[in-house]
Amino acid sequence: MQYRMLGRSGLKVSAISMGTFSFGGVGGFAKVANQGVEEARRLIDSCIDLGVNLFDTANMYSLGRSEEILGEALGAKRNDVLISSKARMRIGDGPNDEGASRYHIIRECERSLKRLKRDHIDIYFMHEWDGLTPLDETLEALHTLREQGKIRYIGCSNYSGWHIMKALQISDNKGLARFVTQQIHYTLEAREAEYELLPLSVDQGLGVMVWSPLAAGLLSGAFARNKAPEQSRQAQGWSEPPIRDKERLWTIIDVLEEIATERGVSVAQVSLAWTLSRPAISTLVVGGLNENQFRDNIAATDLTLSDQELSRLNLVSRPPYIYPYWHQHNFAGDRLSPADQALHQSFDDLGMV
């Protein structure tokens, strides 16, 4: 296993971490999977044996059942690994059963700790932006939890660039705990994060955790045109992530399959290896239905794609060169920082436009 620093923090995380989205199967999560304690324990033990040291969950995954299963399945190992969890999403019918208020954050953290059977959470994420709660209140609540020893590091998930920068400024100005990581959706098919979120991470030292790095299995090699495996999320009606250009998706998959065949590895490994090659990436949060899937995904850390292979993948997947970036490319190309290059390096072959 390869271990990477989580941004500018001193914490090392495995390049592949285990997601527990499939634990529990409560409500709509049954469309993903319904893994119970014994099945979860087998998968967790297998991942630990392969070097995984970070397990990701959230209070809203199966309405808390995912956290319960993770805590129970880990057993005596629960304090020998890292656990990340999240709060913000709606988890009840009450007016304060969602959001990033001090009330909701502290209550949900304490509930998560009980479910996980732990006295602390290693990385605690705000799962989504809350535009109604003042950021000062959110960050002060997270700072309180850290001061109490209930959380070690804080992060955000699904924020925009300006949301994160506003939060970092407040933390710096008030001496509050600072986000050290963000958890985002980022794949060969969905590269929007390169416009703001990856450059910001390089500049501000945030370690990037990627959720659903295989696009809910679409980039795993299991899908063919207009056909989803019977047990897939898509076949069960799961609509995330959205695919806006299906022909582009199939073109990307075609190139993934070509490279996988040439290298004698799986399509999933090629896709994950590309993502691991990108700037600021600390870990990819992968899920799986069986040990073989986890073993195959973890093997991606041993695969290094050549410059020519990376270029082939880049050409069929890079995002549009929108404004102001094409203008920067034309007139500031010789004065771009490493953070700028998190986007612009994908267009180095274009010349002046």
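Our structure's up above, just so we're on the same page.
Residues numbered from 1 in each chain as written. Predicted model: local features only at pLDDT ≥ 70, side-chain atom pairs only at ≥ 80, totals over all residues. Heavy atoms only, no water.

K.L.:
What should I look at first to understand the layout of surface pockets in this one?
P.N.:
Its boundaries defined by the atoms lining it, the second largest pocket holds a volume of some 590 Å³. Classifying every residue of the lining of the second largest pocket by side-chain character gives 11 nonpolar, four polar and 10 charged. (1 Å grid on protein atoms, 1.4 Å probe; cavity = no way out; pocket = protein on both sides within 12 Å on 5 of 7 lines; lining within 4 Å. Points joined across faces, edges and corners; volume = space filled by probe spheres on them. Nonpolar A, V, L, I, M, F, W, Y, C, P; charged D, E, K, R; others polar.)

K.L.:
Is there a simple way to explain the state of the cysteines in this structure?
P.N.:
Put plainly, a disulfide is one covalent bond tying together the sulfur atoms of two cysteines. Scanning the entire structure with this criterion turns up zero disulfides. Not engaged in a disulfide, the cysteine Cys-109 finds its nearest cysteine sulfur in Cys-156; these two sulfurs lie 17 Å apart. (Disulfide = S-S within 2.5 Å.)

K.L.:
Help me understand the packing of helix α7 (residues 246-263) against helix α8 (residues 267-276), please; the structure alone is not making it clear to me.
P.N.:
Think of two packed helices as two axes; the pair is described by the angle between the axes and how far apart they sit. Orientation of α7 relative to α8, taken along the N-to-C sense of each, is 105°, at an axis distance of 8 Å. Taken as axis vectors, α7 and α8 run roughly perpendicular relative to one another. Of the residues in α8, those in contact with Leu-256, Glu-257, Ile-259 and Ala-260 of α7 are Val-267, Val-270 and Ser-271. (Axes fitted to C-alpha atoms, helices over the stretch in contact; angles between N-to-C directions. Helix = DSSP H or I, 4+ residues; strand = E, 2+ residues; numbered from the N terminus. Parallel < 35°, antiparallel > 145°, perpendicular 65-115°, else oblique. Contact = heavy atoms within 4.5 Å.)

K.L.:
Can you help me understand empty space enclosed by the protein in this one?
P.N.:
It is a probe the size of a water molecule, rolled over the atoms, that shows where empty space is left. Under the defined criterion, the tally for this structure stands at one cavity of 30 Å³ or more. Each pocket or cavity is described by its volume, and for the largest cavity that value is around 40 Å³. Around the largest cavity, the lining residues are Ala-100, Trp-129, Asp-130, Thr-133, Leu-135, Thr-138 and Tyr-159. Considering only residue class, the lining of the largest cavity consists of four nonpolar, two polar and one charged.

K.L.:
Explain the side chain of Arg-118 here, please?
P.N.:
As for its position among the elements, Arg-118 is in the loop between α3 (102-116) and β6 (121-126). Of the polar contacts made by the side chain of Arg-118, one reaches the backbone oxygen of Arg-78; its length is 2.8 Å. Among all residues touching Arg-118, those that are not within four sequence positions of it are Arg-78, Asn-79, Val-81, Ile-83 and Leu-113. (Polar contact = N/O pair within 3.5 Å; in protein donor to acceptor, adjacent residues only side chain to side chain.)

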